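Spelled out, the chains give:
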Amino acid sequence: MASNVSGIVGDGDERYIPGSRRPDGTLRKERKVRPGFTPAEDVVRYSNSRIEASKPSQYPPGYTPKAATALVAKKKVNKVEKVDSTQPRLQEPKSKDAPVSTSSASPAPSATTEKEKKIKALQKKLRQIEELKAKKISGASLNAEQLDKITKAKSLEEELSKLKI
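Nothing here was measured: the structure is a model prediction, and the numbers come from that model.

A. Broad picture of the UniProt feature "domain: WIBG Mago-binding" (unreviewed entry) in the protein. The positions that UniProt labels "domain: WIBG Mago-binding" (unreviewed entry) are, in the present scheme, residues 13–39. As annotated, residues 13–39 comprises 0% helix and 26% strand, and the C-alpha atoms at either end are separated by 15 Å.

What follows is the structure, encoded as structure tokens:
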């Protein structure tokens, strides 16, 4: 027999609310409960880690048990390692008179990424030219800029072949 906050008892399909006595002395009848029904007082409230963290601690302020302290220290170490690995480290000046640079200089993008970007841009332009040629063949009218773009196709192909080498 399963018991819960709402007072429903029974197993499986045969669940019921037992009869009880009213304050005036009369009896309430036993009532059947449909299968699968969960009364509001038995529904478990949703909770996540942030809600749990915002709840007041069972310990006095400033006290952390040993297990929690070790876990917090481990998390802090992991955060420090992540921050150090993503940001470039600034070198300390050798003399005290030298000015300290506080701005973080971002590393220059490598030549290969610039080359790849240029190749992708040229391939996109060539795709657009092919689409314009298809429009022209289908009989659509093209403006002057679109016609100029079609004439530049050969030079773009040459530049792309140079970059791929």
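B. Just the side chain of Asp42, in detail. Considering the arrangement of structural elements, one finds Asp42 in the loop between strand 3 (31–33) and helix 1 (49–54). Arg15 is the oppositely charged side chain nearest to the buried, salt-bridge-free Asp42, at an N-O distance of 6.3 Å. Leaving out residues up to four positions away in the same chain, Asp42 has contacts with Asn4, Val5 and Ser6.

C. Seen up close, the nonpolar core. Ranked by size, the top nonpolar core spans 7 residues in total: Ile119, Leu122, Leu126, Ile129, Ala153, Leu156 and Leu160. For this core, the secondary-structure elements that each account for two or more residues are helix 3 (111–138) and helix 5 (153–164). With 4 residues, helix 3 is the largest single contributor of residues to this core. When residues no more than four places from it in sequence are discounted, the contact partners of Ala153 are Leu126 and Ile129.

D. How the structure looks around the sheet that holds strand 1 (residues 9–11). Pairing is antiparallel in the open sheet, where 3 strands are placed in the order 1-2-3. Both edges of this open sheet fall to strand 1 and strand 3, since each of them pairs with a single strand only. Neighbour-to-neighbour, the strand axes of this sheet turn through a mean angle of 25 degrees, independent of strand direction. The pairing of strand 2 (residues 14–17) with strand 3 spans 3 bridges and is classified as antiparallel. From the neighbouring strand, Arg15 faces strand 3, where its bridge partner is Val33.

E. Looking closely at the pattern of salt bridges. This model, assessed by the stated rule, comprises 2 salt bridges. Among the salt bridges present, the one from Glu159 reaches Lys118, with a minimum N-O distance of 3.7 Å. Of this pair, Glu159 sits in helix 5 while Lys118 sits in helix 3, and the two are 41 residues apart along the sequence. By relative accessible area, Lys118 is classed as partly exposed at 39%.

F. Spatial organisation of the pairing of strand 2. Across 3 bridges, the pairing between strand 1 and strand 2 is antiparallel. In the strand pairing of strand 2, Asp11 is matched with Glu14. Connecting strand 1 to the next strand, strand 2, in antiparallel fashion are 2 residues, including Gly12 with a positive phi near 60 degrees.

G. Broad picture of the side chain of Arg15. Position of Arg15 among the secondary structure elements: in strand 2. Of the polar contacts made by the side chain of Arg15, one reaches the backbone oxygen of Phe37; its length is 2.6 Å. Among residues more than four places away in sequence, those in contact with Arg15 are Ile8, Val9, Gly10, Lys32, Val33, Arg34 and Phe37.

Each value, and the rule that gives it
Residues numbered from 1 in each chain as written. Predicted model: local features only at pLDDT ≥ 70, side-chain atom pairs only at ≥ 80, totals over all residues. Heavy atoms only, no water. UniProt positions renumbered as here; feature names shortened; annotations may be inferred. Helix = DSSP H or I, 4+ residues; strand = E, 2+ residues; numbered from the N terminus. Buried < 20%, exposed > 50% of the residue type's maximum accessible area, 1.4 Å probe, protein only. Lys, Arg positive; Asp, Glu negative; His and termini not counted. Salt bridge = Lys/Arg side-chain N within 4 Å of Asp/Glu carboxyl O. Contact = heavy atoms within 4.5 Å. Core = buried A, V, L, I, M, F, W, Y, C linked by side-chain atoms within 4.5 Å. Pairing = 2+ DSSP bridges. Axes fitted to C-alpha atoms, helices over the stretch in contact; angles between N-to-C directions. Polar contact = N/O pair within 3.5 Å; in protein donor to acceptor, adjacent residues only side chain to side chain.

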